[in-house]
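Secondary and tertiary structure notes
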2 protein chains.
Amino acid sequence: MGKKVLVIGAVALGSKAACRLKRLEPDAEVLLMDQDEHISYGGCGIPYYVSGDVADASALQSTSFHMLRDERFFKDCKDIDVMTRTRVTTIDRKAKRVEILKSDGTSAWLSYDKLVIGTGSRVRDLKIPGQELAGVFSVGSLRDAIQIKAAIASGQVGTAVVVGAGFIGLEMAEALADMWGIETTVIEIADQIMPGFVGPEMAKMAQTHMEAKGVTFRLRQSVIRLEGEAGQVTGVVTEKESFDADLVILAAGIVPNGELAAAAGLEVGFNGGIVVDAHMRTEDPDIYAGGDCVLVPNAITGKPGYYPLGSLSNRQGRVIGDNLAGKDSVSPPVVGSFVVKLFDVCLCGAGLTLKKALEEGFDAISVRMCQLDRAHFYPTKELMYLELVVDRSTRQVLGIQGVGSKGDATVGRINAVAALLSRKPRVEDISNLELAYSPPFSSAMDIVNALGNVADNLLDGRMHPIGCEVFAETWEKIEKGEVCLIDCRARADAKVYEEKYPGIWKGIPQDELLRRMDELPKDKPIVLICNTGVRSYEAQLNLRAMGHTDNVTVFGGVAMLKHWGMDI
Amino acid sequence: MGKKVLVIGAVALGSKAACRLKRLEPDAEVLLMDQDEHISYGGCGIPYYVSGDVADASALQSTSFHMLRDERFFKDCKDIDVMTRTRVTTIDRKAKRVEILKSDGTSAWLSYDKLVIGTGSRVRDLKIPGQELAGVFSVGSLRDAIQIKAAIASGQVGTAVVVGAGFIGLEMAEALADMWGIETTVIEIADQIMPGFVGPEMAKMAQTHMEAKGVTFRLRQSVIRLEGEAGQVTGVVTEKESFDADLVILAAGIVPNGELAAAAGLEVGFNGGIVVDAHMRTEDPDIYAGGDCVLVPNAITGKPGYYPLGSLSNRQGRVIGDNLAGKDSVSPPVVGSFVVKLFDVCLCGAGLTLKKALEEGFDAISVRMCQLDRAHFYPTKELMYLELVVDRSTRQVLGIQGVGSKGDATVGRINAVAALLSRKPRVEDISNLELAYSPPFSSAMDIVNALGNVADNLLDGRMHPIGCEVFAETWEKIEKGEVCLIDCRARADAKVYEEKYPGIWKGIPQDELLRRMDELPKDKPIVLICNTGVRSYEAQLNLRAMGHTDNVTVFGGVAMLKHWGMDI
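Worth saying up front: this structure is predicted, and the values here are computed from it rather than measured.

1. With respect to the relation of the copies chain B and chain A
Each of the two chain copies can be generated from the other by rotation about an axis followed by a shift along it. The two copies are related by a screw motion: chain B maps onto chain A through a turn of 180° and a shift of 0.0 Å along the axis, at an RMSD of 0.0 Å. Taken together, the rotation and translation describe the operation of a two-fold axis. Looking at chain B, 100% of its interface residues are interface residues in chain A too, so the copies touch through the same face.

As structure tokens, then:
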């Protein structure tokens, strides 16, 4: 008989570790335990089950060849034993055994040679008065999802409030609003959606899109209490407003289930996540941990971070399986690549946001831009919006985020940069990144290369841009005539705006600028704008070559401002 | 006055170098020369102009904001002088001057401080008797494209032959067959399409798709002569067959225009391409060259290679512009990322093919696989097919190629691996590559990670696979009963094939295999198959754990065989 391995938690990490070990060591004796009845399901698919894109919950728990990954599957296909509805209550490291508590109330001690902790995460408990009311859900498990869908399908839900504008909150908001026509409001305590994942401009672009699709947002508000009648939720009260709600989804972040490990004396970190080494081993050489219950180093900062991502859990599970079998596999530090579909756009990124980079002590700046995602002459092109975070002094690229309506194309760009992020790429590496080119897929100078070029121009002091937020702040001064706005596009493009904003919006095509210098005000700052920022940059260089330095250009131009939500 | 820079060739490389220089040094005096009347156009867009996707040739020569990049554009927007229909006939390096010949027959000498050679490439002259006939075209310039489209639009073209199954040949075949309904045959001298770019299995998959769309292929044939009547082409004759043809496109590769540089004593390499250093400088410190007329090092072999890619030309042009302005910019070695759209699939890759890797002395193998491009429970998933080329001894990843019907998704995967290729990634880096995960975009274990895992399993000796070609060769032995075929899928999936091939195709679901071992033949090799290769691998491990070693599994399973074109 081979070694005896107990695996606590049978969703992504645990199942993968168990299966990989059995493939390497067929004689290993593996027992997979989970407190739930559902195991080995794709948790990230829950919003698509709620929306109806996935008709049946069992699809999330099935293989691509339609086999339900239940106890029988693991036994027959993988020779792995499974206990569901079984909670591990104690780890006795000295005796190398765990105590289990079954749903029927019985308990027992099981011994192990090696132990894997894949206890996952839970939805953060906001401790909101009223959260126990019927109709209030979190999205922590497939069981929750089945209950939510049942509630919606009953036809009694006309209004919903989602608390938290992270991944799950936004995906659930889409599911509710898009497929079920529920009037949905998202309440977020931060000043943007997806805080920590993208910067404020990319966030606002995605939010604007969701608003156009009918979702209401309330930022900078926190929920004080939930109201109900006869035990059923009826409303949500923040410090500023009240909202009707037949359904409330609590999705304000998740926390690692590290308590079991901590109680066994294993080290846990800043948020209670278990500390592991590169081999996914805890400080106890016989205990591995991974997935949503651990902390792993960030590839850019080197510091422990919390990355509850289903894909990472799967890869870590394989590494644990390797190491259980005596291989020497490591799970590399994490750049945190992510993507979320929000109606018709995808929002994605990897590495650090500007805010995070600054907090980490980098001398960071970010550049934003937009460009067509394929050749401008190709029929199906769309504008894509990217942000690159770089360190000014070393020119190291620290992160990238993006928004685009062609999701595969957008996330493909992020993935290409993400692949490099842990290897300390410099801006030049992005300028020269070899993205495959053909007009149906990209531009000869792909947006990623152009993004690197913009960063290069800014770092070298050639480009002096402002972003959407600063432009919006400056707009009042423009209207008052304190700042001069020059539209560098062709006459026909600028004309619409000149007529809409007479005396304020002035068109001088870039190619006429040098011979029309006398039309520029001598004593006012100038904001140069065009459609996407290419010609206004050229105009800025023209002006600066003539000694005019009190001018700025606008990242991404009119296209970006509009997409961001500015009504110009 | 700033330095005087002459630029020979005004398509991608030359225009970009000139514009970049002027942005860095507004006072530089830049003259851009081209022998053609059309300049600064997107040559890779030509097939889309011929197909009609791009209605007007001028769109290929316009900026994304619809300005025609003609002489006036360069003068007014960029302060760059342009001479079209001007050929440089001599470079006098000693005197730092060039002799030009204008279309009106006049000539002159122009002096330079710095010279840029961007003379591009030309279609290889096959010297086929009859190639001077009307209706015979190459696709070397926008002028050629305009003539081809005019010929097609005249309505006189019912049949066409394309000579050469590389990028341009295949794109032109699609344009002719798809949009114009022309009966199109592609003749290729090699034994596969896209030789040098993808391996034979990926090539065959793309070819099978194009055949289903109505294009005819003749491989391993070369054109002996073209036939005509009254000066108009009527047919194509190979050593084996004759074909009617109202139109012939010669697209059998391109060669660098390095003669001008060579005549000036500058070093040229194996195919006449100009030798440059990492700064894109020739051996003459005052002469730069780039784009389709140069050789640059391959990032994996370190050896000079020829990469006539529009995107690379643009990036190299920017590097030259930098260096002309005194910056210290380098163009990194090339991995050769490419993509081509062929009707509804895209074929793409980067790095070395297996064949090339073996030629270069690597101890190379390749693994092929297919997997869904997004979560299997997500509605819009499609199968994607990838091949990874790795060095057995070092586990270094040398190349990747792929075919998929969701083009952006497929090329996105290639780009992510391509980003790493020059940094000597190992198989483990692919297994752990952080591709952003969400069910609408990827799987929790993305196909790229799974591809790395397959390579790992093969290199470790756990997986013993055969590919489509070997399976097809083995099929006769299977039919004769010399080799036993076991279908490891669920009963219902295998049943269709058991009924189609009675006594030959035997279904034993993987989860029943261990208890049905006695049904396996004792004295015959076994081929294990399933839908995509996952369960047959599991079955192989099961058998080998029981001591049965005379078995192989099939890369990508039935799905791959069918897509490859095997009629099973």
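Picking up where we left off.
2. Looking at the packing of aromatic side chains
Residues and elements named next belong to chain A. For the structure shown, the criterion picks out 20 aromatic pairs over all chains. Put simply, the rings of Phe471, Trp475, Tyr497, Tyr501 and Trp505 pair up and form one aromatic cluster. Here arginine 97 stacks its cationic end above the ring of tryptophan 109, 3.7 Å away from the centre of that ring. Between lysine 204 and the ring centre of tryptophan 564, over which it is positioned, the NZ or CZ distance is 3.8 Å.

3. A few points about the nonpolar core
What tends to happen in soluble globular proteins is that the nonpolar side chains get buried as a cluster. Counting residues in hydrophobic clusters, the biggest one holds 96 residues, and the most contacted among them are Val367 of chain A together with Val367 of chain B. Setting aside residues no more than four positions away along its own chain, valine 367 of chain B makes contact with Leu386, Glu387, Leu388, Leu451, Val454, Ala455, Leu458 and Phe555 of chain B. Within the second largest apolar cluster, 74 residues are counted, among which are Ala160, Ala165, Ala206 and Cys370 of chain A.

4. Considerations on the packing of helix H11 (residues 407-421) of chain A against helix H11 (residues 407-421) of chain B
With their axes 8 Å apart at the nearest point, H11 of chain A and H11 of chain B run at an angle of 10° to one another. One element, H11 of chain A, and the other, H11 of chain B, form an angle in the roughly parallel class. For the pair formed by H11 of chain A and H11 of chain B, the contact residues are Asp408, Ala409, Gly412, Asn415, Ala416, Ala419 and Leu420 of chain A on the first element and Asp408, Ala409, Gly412, Asn415, Ala416, Ala419 and Leu420 of chain B on the second. Of the residues that constitute the contact of H11 of chain A with H11 of chain B, the class distribution is eight nonpolar, four polar and two charged.

5. Considering the sheet that holds strand S16 (residues 247-250) of chain B
All names here are of chain B. Read across the sheet, five strands follow the order S9-S16-S10-S11-S12 without closing on themselves; strand pairing throughout is parallel. This sheet does not close on itself; its edge strands, each paired only once, are strand S9 (136-138) and strand S12 (216-218). Averaged over all pairs of adjacent strands, the angle between strand axes in this sheet comes to 20°, irrespective of strand direction. Looking at chain direction, strand S10 (residues 159-163) and strand S11 (residues 183-187) are connected through five bridges and run parallel. Bridging across to S11, threonine 159 finds its partner in glutamate 183.

Parameters and conventions
As a convention, each chain's residues are numbered from 1 in the sequence order in which they are written. All chains are assigned letters beginning with A, and all ligands numbers beginning with 1, in the order in which they are written. Per-residue local features of the predicted model are confined to residues with pLDDT of at least 70, and side-chain atom pairs are confined, for both listing and counting, to 80 or more; whole-chain, interface and lining totals are unaffected and use all residues. Only hydrogens and water are set aside when side-chain values are computed; all heavy atoms of the structure are taken into account. Least squares is used to superpose the copies, and the fit set is the C-alpha atoms of residues whose pLDDT is at least 70 in both copies. Note on contacts: a residue pair is in contact if any heavy atoms of the two residues lie within 4.5 Å. Paired rings are identified among Phe, Tyr and Trp, the last through its six-membered ring, by centres lying within 6.5 Å, and are further divided according to the angle between planes into stacked (under 30 degrees), edge-to-face (over 60) and tilted (the rest). Charge-over-ring contacts are defined here by two conditions on Lys NZ or Arg CZ: a distance within 6 Å of the ring centre and an angle within 35 degrees of the ring normal. Throughout, nonpolar core names a set of buried Ala, Val, Leu, Ile, Met, Phe, Trp, Tyr and Cys residues whose side chains join them through atoms within 4.5 Å. With a 1.4 Å probe rolled over the protein chains alone, any residue whose accessible area is under 20% of its type maximum counts as buried; one over 50% counts as exposed, and the rest are partly exposed. Here the axes come from fitting lines to C-alpha atoms, over the contacting stretch only for helices, and the angles between their N-to-C directions go from 0 to 180 degrees. A run of DSSP states H or I qualifies as a helix once it reaches four residues; a run of E qualifies as a strand once it reaches two. Both are numbered from the N-terminal end. We call two directions roughly parallel when the angle between them is under 35 degrees, roughly antiparallel when it is over 145, roughly perpendicular when it lies between 65 and 115, and oblique otherwise. Three residue categories are used. Nonpolar comprises Ala, Val, Leu, Ile, Met, Phe, Trp, Tyr, Cys and Pro, charged comprises Asp, Glu, Lys and Arg, and polar comprises the others, including Gly. When DSSP finds two or more bridges between two strands, those strands count as paired.

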